[in-house]
Amino acid sequence: GVPEDAGERYQPTPVNVFLAIMRHFHISSSDVFLDVGSGKGRTLLLAGRYPFHKIIGVEVSEELNRIAERNVKTMKQRLVCKNYEFVTSSALDYEIPVIVTYVYLFNPFKYDVLGKVLSNIEISIRQNPRNVTLIYYNTKFATEMEREHKLIKIIDLKFDHWLLVGSGRLYK
């Protein structure tokens, strides 16, 4: 399991912010979206408005994951992407699938856990070389991320007191 102090409190991404972020990307039907710390699934639902091949939500809480699955099931008829996977797992233990092309994080962890998640993304890229867009909203650890991982900032947007460094391309 995850130590109590490893995660941050539950907080969904504001709809307007997610839609503003996504305007910067050209999603194709071969792209796979991963939300690590997916909570009740709001971001999964919003990602479903785009033509992703698959959307994956990883959440440590079984209860929140069940809620997310129910929310998606209720709205699925209205979504462009119909292919969802819900994983109940610690982010530390989750192996990033080699098909993922977008990873979304809304400050779900303390830095030691976040660093391990980033390392897992890098392992996945080494296994299947590709570009992965990391969208990191509420960039509490942006400086550490850029310093310690192979991140190149490609977009820098401000939303009120939030900063989206958030989109970095990870390269092999």
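Computed from a prediction, not measured in an experiment: that's the story for all the values here. (Residues numbered from 1 in each chain as written. Predicted model: local features only at pLDDT ≥ 70, side-chain atom pairs only at ≥ 80, totals over all residues. Heavy atoms only, no water.)

This part takes up the overall build of the protein chain. Assigned secondary structure in the protein chain consists of five helices and seven strands. Secondary structure of the protein chain in N-to-C order comes out as α-β-α-β-α-β-β-α-β-α-β-β. Considering only contacts within the protein chain whose residues lie at least 6 apart along the sequence, 72% involve residues at least 24 apart. Counting only carbon and sulfur atoms, one obtains 49% of the accessible surface of the protein chain, whose full area is about 8,800 Å². (Helix = DSSP H or I, 4+ residues; strand = E, 2+ residues; numbered from the N terminus. Contact = heavy atoms within 4.5 Å. Areas by Shrake-Rupley, 256 points an atom, 1.4 Å probe, with all protein chains shown as cover.)

Two descriptors summarise a pair of aromatic rings, namely the distance from one centre to the other and the angle between the planes of the rings. Under the defined criterion, the tally for this structure stands at seven aromatic pairs. The interplanar angle of 85° and the centroid separation of 6.1 Å between the aromatic rings of phenylalanine 18 and phenylalanine 33 together place this pair among those described as edge-to-face. Here phenylalanine 18 is found in helix α1 (residues 15–22), whereas its partner phenylalanine 33 is found in strand β1 (residues 32–36), with 15 residues between them in sequence. The same class applies to phenylalanine 18 as to phenylalanine 33, namely buried. Relative to tyrosine 102, the ring of phenylalanine 52 lies with its centre 5.7 Å away and its plane at 80°, an arrangement referred to as edge-to-face. Of this pair, phenylalanine 52 sits in the loop between α2 (42–47) and β2 (54–59) while tyrosine 102 sits in strand β4 (residues 102–105); the two residues are 50 residues apart in sequence, bridging distant segments of the chain. Taken individually, phenylalanine 52 and tyrosine 102 each receive the classification buried, so the pair is uniform in this respect. Taken together, the ring pairs connect Phe18, Phe25, Phe33, Phe52, Tyr102 and Tyr104 into an aromatic cluster. (Phe/Tyr/Trp six-rings, centres within 6.5 Å; stacked < 30°, edge-to-face > 60°. Buried < 20%, exposed > 50% of the residue type's maximum accessible area, 1.4 Å probe, protein only.)

The next point concerns helix α4 (residues 111–127). Here α4 contains 17 residues, and its C-alpha end-to-end distance of 24 Å stays within 8% of the 24 Å for a straight helix at 1.5 Å per residue. If you check which residues of α4 are buried, you get Tyr111, Val113, Leu114, Gly115, Val117, Leu118, Asn120, Ile121, Glu122, Ser124 and Ile125. (Expected span 1.5 Å × (residues − 1).)

Core analysis: the largest hydrophobic core is formed by 25 residues, its most contacted members being Phe18, Met22, Phe33, Phe52 and Ile55. Of all the secondary structure elements, the ones that give two or more residues to this core are α1, α2, α3 (62–75), β3 (84–88), β4 and β5 (132–137). With near-sequence residues (within four places) excluded, isoleucine 55 lies in contact with Phe33, Leu44, Ala47, Gly48, Cys81, Asn83, Tyr84 and Glu85. One finds Leu34, Tyr94, Leu105 and Ile125 within the second-largest nonpolar core, a separate group that totals 23 residues. (Core = buried A, V, L, I, M, F, W, Y, C linked by side-chain atoms within 4.5 Å.)

Moving on: the side chain of lysine 54. Positionally, lysine 54 belongs in strand β2. Assessed through its relative accessible area of 18%, lysine 54 is described here as buried. A distance of 2.8 Å separates a polar atom in the side chain of lysine 54 from a polar atom in the side chain of glutamate 85. In this structure lysine 54 touches Asp31, Val32, Phe33, Cys81, Asn83 and Glu85, once residues within four positions along its chain are discounted. (Polar contact = N/O pair within 3.5 Å; in protein donor to acceptor, adjacent residues only side chain to side chain.)

Averaged over all residues, the pLDDT of the protein chain is 80; the fraction at 70 or higher stands at 72%. Within the protein chain, the element-level pLDDT minimum falls on strand β7 (residues 162–170), averaging 39, and the maximum on β3, averaging 98. Note that pLDDT drops below 50 for residues 1–8; the model gives that stretch 14 contacts with residues more than four away or on any other chain. Across residues 158–172, where pLDDT falls below 50, the model places 68 contacts with residues more than four positions away in sequence or in other chains. (pLDDT = per-residue confidence, 0-100.)

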